[in-house]
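Structural overview for review
The primary structure of each chain is shown beneath.
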Number of protein chains: 2
Amino acid sequence: MARYELYYWPTIQGRGEFVRLAFEDAGVAYTDVARTKSGMAKMMRFLDGKEGGARPFAPPFLKSGSLVVAQTAAILHYVAPRLGLVPRDAQSQLLAHQLQLTICDLVAEAHNTHHPIATGLYYKDQKAEARLSAQHFTRDRIAKFLGYLESIIVKKDALFLVGKRHSYVDISTFQVINGLRYAFPKSMQRIEKKLPALVKLEQRVAARPNLARYLASPRRIPFNTDGIFRHYPELET
Amino acid sequence: MARYELYYWPTIQGRGEFVRLAFEDAGVAYTDVARTKSGMAKMMRFLDGKEGGARPFAPPFLKSGSLVVAQTAAILHYVAPRLGLVPRDAQSQLLAHQLQLTICDLVAEAHNTHHPIATGLYYKDQKAEARLSAQHFTRDRIAKFLGYLESIIVKKDALFLVGKRHSYVDISTFQVINGLRYAFPKSMQRIEKKLPALVKLEQRVAARPNLARYLASPRRIPFNTDGIFRHYPELET
């Protein structure tokens, strides 16, 4: 086991991917526990409250020594300074954190498009509602969230969301753009035309050597219709 | 203006109430800006990116000196150590934060019950879907989230969610319980029977002198059907 143990569902990118990407970009070793032998059983012990440390409500969670931290944004807030993925001052870290939380809100809304009624129901049992929900999401919400991020980059006149250097928020922005491109390709083609700075930022992040290597490796789980971003063509017609 | 300026919609409890409650409990002065004269216009300037500091995506946000911090959980994470509402060590603060984020997830799901299709549509235009969504929420989700909080208190054998003393997470738990009681009274009557420790924690928080005074004052906006927790009797039949 590496010093950092990440616990997340082994067959999807989902929320865990934001954490995986940070480790991969930093080139810092981590164990993706549920993807190792007996890893799922290990993860369930934490969720069932059978392990020490704070009991997580849901994956992803990170274990480092005796510390257990859950919630995607909290994990990144904790680990980013240790990975060199956020400026050292507290004010920048707080800014990064609130941007990450806003990205998490966008991710949650993307999830709601295919599960508008209940997470406990299958997609096929809420398909009509999902279509309605996706219509509003692709028409109004994506542009509202991404336009907000675009406005921050434009105002700074630099391809960074926090300070004057690359941070985990840029990586998360890369990920959310790619998730949305997979789920809603037609809509994104239209929406991205108005987001030139964000598109450049996404390209800059994708070209970072460690990330490019990771994205081309088998460690990067392909997007699929079990994850948070799902491509159902019927949601975009 | 007080040293702390809170910006939030002036006619609802909503997400801003979690911040209001922390200040009220601590007895620390804050200005609830949008409830003062011309306050709404002041708030909109920040949302439109016309003010300095980080541009917030949405209310609530807090201004303190030159710092602007948005996102309910991030605001509390920033301000709680300054209000004495969280232990001083970083590990406890991280634990408190992840619990608050989980409470925020519950709040978001509560909101989705009356707006399952889109926040941009009126409730009356998604009533049938809201009823289905509320059925699942009241049957499965409330008990899952609150049962998780109950398990933490029971394991610690103390009426506190973080460490061995009162924290803002206890206050937020008080608020979410009361919001859910308002929105779904029948369901909560049933669900609370299995949450004796959580109910005692809620009573402990409600009896804190500063909070009791606030709750009885005109500063506490009553729950209403414009807020996040909404009582629509048809959602609980």
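Throughout, a residue's number is its position along its own chain's written sequence, starting from 1. Just so you know, chain letters begin at A and ligand numbers begin at 1, following the order they were written in. In keeping with the predicted nature of the model, local features appear solely for residues at pLDDT of at least 70, side-chain atom pairs appear and are counted solely at 80 or more, and the whole-chain, interface and lining totals rest on all residues. The side-chain figures draw on all heavy atoms in the structure; neither hydrogens nor water molecules are used.

**Description of the overall build of chain A**
A run of H or I in DSSP becomes a helix once it reaches four residues, and a run of E becomes a strand once it reaches two; helices and strands are each numbered from the N terminus. Of the regular secondary structure elements, chain A holds nine helices and four strands. Just to be clear, the radius of gyration here is over C-alpha atoms, and the globule rule we use is 2.2 Å times residues to the power 0.38. Over its C-alpha trace chain A gives a radius of gyration of 18 Å, about what one expects of a compact globule, namely 18 Å for 237 residues. Here the C-alpha coordinates of chain A stretch approximately 45 × 45 × 30 Å along the principal axes. The buried label goes to any residue with under 20% of its type's maximum accessible area, the exposed label to any with over 50%, and the partly exposed label to all in between, with areas taken from a 1.4 Å probe on protein chains only. Taking all 237 residues of chain A together, the buried fraction comes to 57%. Summed over all atoms, the accessible surface of chain A reaches about 9,800 Å², with 54% contributed by carbon and sulfur. Here Asp and Glu are counted as negative and Lys and Arg as positive; His is not counted, and neither are the chain ends. Note on charges: their place is set at NZ of Lys, CZ of Arg, CG of Asp or CD of Glu. Positive and negative side-chain charges in chain A, numbering 34 and 21 respectively, have mean positions lying 3 Å apart. To be clear on the numbers: accessible area is Shrake-Rupley with a 1.4 Å probe, and residue cover counts the displayed protein chains and nothing else.

**Thoughts on the pairing of strand β1 (residues 4-7) of chain B**
Residues and elements named next belong to chain B. In β1, alternate side chains face the same way, and those of Tyr4 and Leu6 on one face and Glu5 and Tyr7 on the other are all buried. Seen with the strands pointing away from the viewer, any crossover whose path from the first strand over the helix to the second strand runs clockwise is right-handed. With helix α1 (residues 16-26) bridging β1 and the parallel strand β2 (residues 30-32), this β-α-β connection has right-handed handedness. Bridge analysis of β1 against strand β3 (residues 61-64) gives four bridges, and the strand direction is antiparallel. Paired with tyrosine 4 across the bridge in β3 is serine 64. Pairs of strands are assigned from DSSP output, requiring at least two bridges between the strands.

**Section: the relation of the copies chain A and chain B**
To line up the copies, we fit them by least squares on C-alpha atoms, keeping just the residues with pLDDT of at least 70 in both. Of the transformation superimposing chain A on chain B, the axial component is 0.0 Å and the angular component is 180°, with the fit at an RMSD of 0.0 Å. The transformation relating the two chain copies, once decomposed into turn and shift, fits a two-fold axis. Among all residues of chain A, the minimum C-alpha distance to the rotation axis is found for proline 116 of chain A, at 2.7 Å. Of the interface residues in chain A, 100% have counterparts in chain B that sit at the interface too, so the contact is made through matching surfaces. Two residues qualify as a contact provided that any one of their heavy atoms is within 4.5 Å of a heavy atom in the partner residue.

**Things to note about the interface of chain A and chain B**
Counting from both sides, the interface comprises 39 residues of chain A and, opposite them, 39 residues of chain B. Summed over both partners, the accessible area lost on bringing two parts together, with a 1.4 Å probe, is the buried area. Overall, the association of chain A and chain B removes approximately 3,500 Å² of surface from exposure, summing both partners, and the carbon and sulfur fraction of that is 61%. Distance and chemistry together define a polar contact, namely a pair of N or O atoms within 3.5 Å, with one atom able to donate a hydrogen and the other to accept it when in protein, and with adjacent residues in sequence counting only for side-chain atoms on both sides. For the interface between chain A and chain B, the tally reads 14 residue pairs in polar contact (both at pLDDT 80 or more). For the side of chain A that touches chain B, the elements supplying multiple residues, two or more each, are β4 (67-70), α3 (72-83), α4 (90-114) and α5 (127-156) of chain A. For the side of chain A that touches chain B, the leading source of residues is α5 of chain A, giving ten residues. Residue polarity follows a fixed list, in which Ala, Val, Leu, Ile, Met, Phe, Trp, Tyr, Cys and Pro are nonpolar, Asp, Glu, Lys and Arg are charged, and the others, Gly among them, are polar. Across the side of chain A that touches chain B, the residue classes tally to 19 nonpolar, 13 polar and seven charged.

**Quick look at the sheet that holds β3 of chain B**
Residues and elements named next belong to chain B. Sheet architecture is open: four strands sit in the order β2-β1-β3-β4, paired in mixed fashion. With partners counted over all chains shown, the strands left at the sheet margins are β2 and β4 (67-70), one partner each. Pairwise comparison of adjacent strand axes, ignoring direction, gives a mean angle of 20° for this sheet. Bridge count for β1 against β2 is three bridges, and the pairing is parallel. If you follow leucine 6 over to β2, its bridge partner there is aspartate 32. Fitted lines through C-alpha atoms give the axes, limited to the stretch in contact for helices. The angle between two N-to-C directions lies from 0 to 180 degrees.

**Observations concerning the pattern of salt bridges**
Each reported salt bridge corresponds to a side-chain nitrogen of Lys or Arg within 4 Å of a carboxyl oxygen of Asp or Glu. Tallied over the entire structure, the rule returns 28 salt bridges over all chains. Here aspartate 140 of chain A ties to arginine 139 of chain A by a salt bridge, and the two come within 3.1 Å at their closest N and O atoms.

**Some thoughts on the packing of α1 of chain B against helix α3 (residues 72-83) of chain B**
Residues and elements named next belong to chain B. Taken N-terminus to C-terminus, the directions of α1 and α3 make an angle of 10°; their axes are 10 Å apart at the nearest point. By the angle class used here, α1 and α3 are roughly parallel. Two secondary-structure elements touch here, α1 through Phe18, Val19, Ala22, Phe23 and Ala26 and α3 through Thr72, Ile75, Leu76, Val79 and Leu83. Grouping the constituent residues of the contact of α1 with α3 by class yields nine nonpolar, one polar and no charged. Working rule for angles: under 35 degrees goes down as roughly parallel, over 145 as roughly antiparallel, 65 to 115 as roughly perpendicular, anything else as oblique.

**Observations concerning the confidence of the model for chain A**
As a per-residue measure, pLDDT reflects the predictor's confidence and takes values from 0 up to 100. Averaged over all residues, the pLDDT of chain A is 96; the fraction at 70 or higher stands at 100%. The ipTM for the predicted assembly is 0.97, set against a pTM of 0.98.

**What about the environment of glutamine 98 of chain B?**
Topologically, glutamine 98 of chain B is positioned in helix α4 (residues 90-114). Note on glutamine 98 of chain B: relative accessible area 2%, which makes it buried. Remark: the alpha-carbon pair of glutamine 98 of chain B and alanine 73 of chain B, spanning 25 residues in sequence, is separated by 8.7 Å. Sequence-distant contacts of glutamine 98 of chain B, that is, excluding residues within four places in its chain, are made with Ala54, Arg55, Val68, Val69, Ala70 and Gln71 of chain A.

**Concerning the packing of aromatic side chains**
In this scheme Phe, Tyr and Trp rings, the latter by its six-membered ring, pair at centre separations within 6.5 Å, and the angle between planes marks the pair as stacked below 30 degrees, edge-to-face above 60, and tilted otherwise. Scanning the model with the defined rule gives 22 aromatic pairs over all chains in all. With centroids separated by 4.4 Å and ring planes inclined at 20°, the aromatic side chains of phenylalanine 145 of chain A and phenylalanine 57 of chain B adopt a geometry described as stacked. With one member in each of two chains, phenylalanine 145 of chain A in helix α5 and phenylalanine 57 of chain B in the loop between α2 (39-47) and β3 form a pair that bridges those chains. Taken as a pair, phenylalanine 145 of chain A and phenylalanine 57 of chain B share a single burial class, namely buried. Considering the side-chain rings of phenylalanine 223 of chain A and phenylalanine 229 of chain A, the 6.4 Å spacing of their centres and the 85° angle between planes classify their relative orientation as edge-to-face.

**Observations concerning the sheet that holds β4 of chain A**
Residue and element names in this part refer to chain A. Strand order in this open sheet of four strands is β2-β1-β3-β4, and the pairing throughout is mixed. Edge strands, defined here as strands with exactly one partner in the open sheet, are β2 (30-32) and β4. Sheet twist, expressed as the mean angle between neighbouring strand axes with direction ignored, is 20°.

**Looking at the state of the cysteines**
Every disulfide links exactly two cysteines, by a covalent bond between their sulfur atoms. In plain terms, two cysteine sulfur atoms within 2.5 Å form what is called a disulfide here. Summed over the entire model, instances satisfying the criterion amount to zero disulfides over all chains. Here cysteine 104 of chain A is not cross-linked by a disulfide; its sulfur's nearest cysteine counterpart is in cysteine 104 of chain B, at 11 Å. Its relative accessible area of 22% is what places cysteine 104 of chain A among the partly exposed residues.

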